[in-house]
Amino acid sequence: MIAIEKSGTIQTFTRLPNEWNDDKGYHINFRKITNKEDYGFYNVVTPEYDQVTQQLSQIFWDADNKVFTYTVNNIDFDATYTIEVEDEEGNKTEETKSVYDKDKLKANIISSVKKDANNLLSPTDWYSSRKTELGTAIPDSILADRKKIRDKVIAIEAEVAALTTVESILKYTYNFND
Amino acid sequence: MAITKVTSSVLSDDSVSYDKLGVEFTASSALSGTAIDWDVAQVFTKTLSGATTFTYANDEIGMVKDLVLTGDYAITWPSGTKIITGTYDGSVANLIQVVKTAAGQYWLSISKEA
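Residues numbered from 1 in each chain as written. Chains lettered and ligands numbered in written order. Predicted model: local features only at pLDDT ≥ 70, side-chain atom pairs only at ≥ 80, totals over all residues.

### Quick word on unusual backbone geometry
Step number 1: In this structure, Asn29(A) is a non-glycine residue whose phi angle is positive, near 55 degrees.
Step number 2: Structurally, the position occupied by Asn29(A) is in the loop between strand 4 (25-28) and strand 5 (42-45).
Step number 3: A positive phi is found at Asn58(B), a non-glycine position, where the angle reads about 60 degrees.
Step number 4: Here Asn58(B) shows up in the loop between strand 5 (55-57) and strand 6 (64-70). (Helix = DSSP H or I, 4+ residues; strand = E, 2+ residues; numbered from the N terminus.)

### Some details on the interface of chain A and chain B
Step number 1: Counting residues at the interface gives 13 residues for chain A, matched by 15 residues for chain B.
Step number 2: Tallying contributions element by element places strand 4 of chain A first for the side of chain A that touches chain B, with 4 residues.
Step number 3: Split by residue class, the side of chain A that touches chain B holds 4 nonpolar, 5 polar and 4 charged.
Step number 4: Both strand 4 of chain A and strand 7 (residues 75-77) of chain B contribute to a ladder of 3 bridges, which runs antiparallel. If you follow Tyr26(A) over to strand 7 of chain B, its bridge partner there is Trp77(B). (Contact = placed C-beta atoms within 7 Å. Nonpolar A, V, L, I, M, F, W, Y, C, P; charged D, E, K, R; others polar. Pairing = 2+ DSSP bridges.)

### So, the sheet that holds strand 9 (residues 94-102) of chain B
Residue and element names in this part refer to chain B.
Step number 1: Here 6 strands make up an open sheet; going across it, the order is 1-3-6-9-10-8 and the pairing mixed. If you trace the sheet from one side to the other, it starts and ends with strand 1 (28-30) and strand 8 (81-85), each paired once. The average angle at which neighbouring strand axes cross in this sheet is 25 degrees, direction not considered.
Step number 2: Bridge count between strand 1 and strand 3 (residues 43-47): 3 bridges; the pairing is parallel. Considered in strand 3, the bridge of Ala30 is made with Thr45. (Axes fitted to C-alpha atoms, helices over the stretch in contact; angles between N-to-C directions.)

### Description of the environment of Arg130(A)
Step number 1: Topologically, Arg130(A) is positioned in helix 2 (residues 125-134).
Step number 2: Put simply, Arg130(A) and Phe176(A) are 46 residues apart on the chain and 26 Å apart in space, counted from C-alpha to C-alpha.

### Considering the nonpolar core
Taken as a class, soluble globular proteins show a tendency for nonpolar side chains to be buried jointly.
Step number 1: Membership of the largest hydrophobic core comes to 18 residues, with the highest contact counts inside it found for Ile28(A), Ile75(B) and Trp77(B).
Step number 2: For this core, the secondary structure elements donating two or more residues are strand 4 of chain A together with strand 7, strand 9 and strand 10 (105-112) of chain B.
Step number 3: Apart from residues lying up to four places away in sequence, Trp77(B) is in contact with Gly25(A), Tyr26(A), Phe54(B), Tyr106(B) and Leu108(B). (Core = buried A, V, L, I, M, F, W, Y, C linked by C-beta atoms within 7 Å. Buried ≥ 20, exposed ≤ 12 C-beta atoms within 10 Å, placed from the backbone.)

### Concerning the domain arrangement of chain A
Step number 1: Along its sequence, chain A is organised into domain 1 (2-74) and domain 2 (100-171).
Step number 2: The centre of domain 1 of chain A, based on its C-alpha atoms, is set 46 Å off from the matching centre of domain 2 of chain A. (Domains from an automatic or database assignment.)

### Some thoughts on the environment of Leu48(B)
Residue and element names in this part refer to chain B.
Step number 1: Its location among the elements puts Leu48 in the loop between strand 3 and strand 4 (52-53).
Step number 2: You can call Leu48 partly exposed: it has 18 C-beta atoms within 10 Å.
Step number 3: Sequence separation of Leu48 and Ile75 is 27 residues, and the distance between their C-alpha atoms is 8.9 Å.
Step number 4: Other than its neighbours up to four places away in sequence, Leu48 contacts Leu69, Thr70, Gly71 and Tyr73.

### A look at the pairing of strand 6 of chain B
All names here are of chain B.
Step number 1: As paired elements, strand 3 and strand 6 share 5 bridges and run parallel to each other. Bridge pairing in strand 6 places Thr47 opposite Thr70.
Step number 2: Pairing of strand 6 with strand 9, which is carried by 6 bridges, proceeds in the antiparallel orientation. Looking at the pairing, Leu67 lines up with Ile96 of strand 9.

### Details of the pairing of strand 2 (residues 9-13) of chain A
Residue and element names in this part refer to chain A.
Step number 1: The pairing of strand 1 (residues 2-6) with strand 2 spans 5 bridges and is classified as antiparallel. Bridge assignment links Ile2 to a residue of strand 2, and that residue is Phe13.
Step number 2: Taking the residues between adjacent antiparallel strands as the criterion, strand 1 and strand 2 are bridged by 2 residues, where Ser7 takes a positive phi near 55 degrees.

This is the structure we're talking about:
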């Protein structure tokens, strides 16, 4: 990636534009230039960072290294915000809430797990309907597969419940194929 | 008495033939440098050998010039240039037409061999 600062704004490009207009003139076949720095274009250096726990700053010009880059900042998982709550009698009080609500984050995971489990179970639901309507036995292999899915949901729910930090919740992944 | 001035009433309609036009309307010139003198020819040709910055001389509003350019290099046109249509293709010959629409304003279209 490359970037240029123009009128105080940094514009980024995946590669040089094929046409470019600046105070030197209007350039066509611009990708063929041999020295992009002559036109104010410099490389963008993106530092490595943990996309769950860190975030990048606004892009800025690093004059010492002659590159456009970012700083890496840790996300404050303990951050809070305050809301004003009004009761039935019109009394206003301030309530402090966590930006990262652990219970809500866990609930989102469980909701996603149950949705995935339902998608996995639904192709064989007709066995259950057939048994209810006609009394036809469900094959043992199907029963075993469906039990495996339900057991996995129970195991994941237990794992999620045991998570204690926002970071561990955000980084939690699951896989029904384990 | 010598004739010093020709008025339009002297010329009959359709009397100015191609042969009577100046070289700026009829000639083709192979550019050796990067300065394009609009009085010199109607058509200019050049094979680029590196990044090229063109300049204009004697360009007047309403004039149209044709350039046949080849060579896969960056080209810089004078400030005030606007591309109307087309993309330069360095692998073939490109016909570039430039119209001067106002002082310091040039509209440019690019077409190429099919």
